[in-house]
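Summary of the model geometry
The primary structure of each chain is shown beneath.
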Amino acid sequence: MVRSTDMTWKETRRGLRKDHRWDLCTLSKQEKEELFDEHLKVLNKKKRDAFHQLLFETSQIDLTSTWKDVRKLIKNDPRFDKFSSSDRKREQEFYVYLDERLQRAQEEFRQLLKETKAMNYKSKSLLAESDQHMRDIEAFLENDKRYLILECKQQLRQKILMDYVDELARKGPPPPPTQAEPSRRK
């Protein structure tokens, strides 16, 4: 009966009282209202997920897209209107989506750096000597979409890269593979 998240408990209760099943329910008023609130949360999550899926499926959206541009691209999709009748809510949710996407892109880029064998504890000193090492690293990374997705945020990508190089330099050389861990010694 309740399919819109714009409904309030008061409005819904008024309509539900006309249903013959209302009197058959043994729940207290508070329990009924809690169930209503839970139902609204589920509906909101479904609409939010559908809206995020719409944004994800729109290939022209990148991390620097503006709501004004994106709105023109997605306004004819039914999920656009189903999310909310308020353009302000849609805009806020769009920027929440962009923030989540940026965080995910940063984490994936950090994971890529950990997987990259072209960098090690010597990378910082090699970078200080010449730029060739950085060109080699970037040439290797350019083949991965986790690097390319941050193309529009080059300064952020460069900062993450340099922070990782600094971290490797601080850690120093890895222990030899034959060295046993102290916890394994008997």
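Refer to the structure presented above.
So, a few notes on the structure that sits alongside this text. (Residues numbered from 1 in each chain as written. Predicted model: local features only at pLDDT ≥ 70, side-chain atom pairs only at ≥ 80, totals over all residues. Heavy atoms only, no water.)

Regarding the side chain of H52
- Along the chain, H52 turns up in helix α2 (residues 29-57).
- Residue H52 is classed as buried on the basis of its relative accessible area, which comes to 11%.
- Leave out the neighbours within four places in its chain, and H52 touches E93, Y97 and E100. (Helix = DSSP H or I, 4+ residues; strand = E, 2+ residues; numbered from the N terminus. Buried < 20%, exposed > 50% of the residue type's maximum accessible area, 1.4 Å probe, protein only. Contact = heavy atoms within 4.5 Å.)

What about the nonpolar core?
- Among the nonpolar cores identified, the biggest contains 18 residues, and F109, L113, M119, L141, L150 and L161 are the most heavily contacted of them.
- Counting only elements with at least two residues in this core, the list comes to α5 (87-115), α7 (132-141) and α9 (154-171).
- In this structure F109 touches L141, R146, Y147, L150, R157, I160 and L161, once residues within four positions along its chain are discounted.
- Formed by 12 residues, the second largest nonpolar core is a distinct cluster that contains L54, I61, V70 and F83. (Core = buried A, V, L, I, M, F, W, Y, C linked by side-chain atoms within 4.5 Å.)

Quick word on helix α3 (residues 67-74)
- Within α3, the full set of buried residues consists of W67, V70 and I74. Viewed end-on, α3 has its buried residues packed into an arc of 65°, placing them on one side of the element. In this structure, α3 carries K68 and K72 as exposed residues pointing more than 90 degrees from its buried face.
- Turning to α3, the residues buried within the fold contact α2, α4 (78-83) and α5. (Arc of directions from axis to C-beta.)

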